[in-house]
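Breakdown of the fold
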Amino acid sequence: MSNKIVDDVKTGLKGIRGAGDALRGSVMQAADQAFDNNQNHPTTQASELKNQTIAEKGKKDIQALDERLAQHEQEREARKQDQAAAGLAGNGAGARKGTGHHPLPLQ
């Protein structure tokens, strides 16, 4: 259980970092295109490739986060349906009203 939580936190952090990387890569690509006079210069091409790689990795991290969230939603819905099928959805405990233990005798 705790490993799953740790994995979820890591995935969330990667998604947040991915959003930043996607934004940074896209902004740097736009800046390179706007300010570089020679698009065929090796340094310009290397910079564009680096920025494109950063942006693509960021997009993949965001997609992984989205898929993880979708998986959690599907699991939650499946548990809800299982509980409803088992008759546990009403009060969460599965017991009918009035069947609980009374510590004092009823008179």
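To start, this report covers the structure provided alongside it.

Turning our attention to the overall build of the protein chain. Within the protein chain, the regular secondary structure consists of 2 helices and 0 strands. Considering only intrachain contacts with a sequence separation of at least 6, the fraction spanning at least 24 residues in the protein chain is 66%. Carbon and sulfur atoms form 56% of the exposed surface of the protein chain, whose accessible area is close to 8,700 Å².

Moving on: a nonpolar patch on the surface. Together, I5, V9, L13 and I16 line one region of the surface with nonpolar side chains, adding up to about 400 Å² of accessible area. Position of L13 relative to the elements: it lies in helix α1 (residues 2-35).

So, on to the pattern of salt bridges. Using the criterion set out here, one finds 9 salt bridges in the structure. A salt bridge links D21 to R24, with the nearest nitrogen and oxygen atoms 3.8 Å apart. Of the two residues, D21 and R24 are both situated in helix α1; the distance of 3 residues between them amounts to about one turn of the helix. For D21, a relative accessible area of 10% gives the class buried. In this structure R24 comes out as partly exposed when scored by relative accessible area, which is 45%.

Looking now at α1. Its 34 residues give α1 an end-to-end C-alpha distance of 49 Å, which sits within 8% of 50 Å, the value for a rise of 1.5 Å per residue. Among all positions of α1, only T11, G12, G15, G18, D21, A22, G25 and D32 are buried. Buried residues in α1 make contact with α2 (42-85).

To continue, consider the packing of α1 against α2. At a minimum axis distance of 6 Å, the contact between α1 and α2 shows a crossing angle of 145°. Considering only the axes of α1 and α2, their crossing is left-handed. When grouped by side-chain class, the residues that make up the contact of α1 with α2 number 8 nonpolar, 13 polar and 12 charged.

It is worth spelling out the environment of T53 at this point. Among the structural elements, T53 can be located in helix α2. T53 gets classed as partly exposed once you look at its relative accessible area, which sits at 48%. Between the C-alpha atoms of T53 and D21, which are 32 residues apart in sequence, the distance is 9.5 Å.

The subject of this paragraph is the side chain of N51. As for its placement among the helices and strands, N51 is situated in helix α2. Residues contacting N51, with those up to four places away along its chain left out, are G25, M28, Q29 and D32.

Reading guide: rules and limits
- Residues numbered from 1 in each chain as written.
- Predicted model: local features only at pLDDT ≥ 70, side-chain atom pairs only at ≥ 80, totals over all residues.
- Heavy atoms only, no water.
- Helix = DSSP H or I, 4+ residues; strand = E, 2+ residues; numbered from the N terminus.
- Contact = heavy atoms within 4.5 Å.
- Areas by Shrake-Rupley, 256 points an atom, 1.4 Å probe, with all protein chains shown as cover.
- Patch = residues over 30% accessible without salt bridge, like charges linked within 9 Å, V, L, I, M, F, W, Y side chains within 5 Å.
- Salt bridge = Lys/Arg side-chain N within 4 Å of Asp/Glu carboxyl O.
- Buried < 20%, exposed > 50% of the residue type's maximum accessible area, 1.4 Å probe, protein only.
- Expected span 1.5 Å × (residues − 1).
- Axes fitted to C-alpha atoms, helices over the stretch in contact; angles between N-to-C directions.
- Left-handed = near helix turned anticlockwise from the far one by under 90°.
- Nonpolar A, V, L, I, M, F, W, Y, C, P; charged D, E, K, R; others polar.

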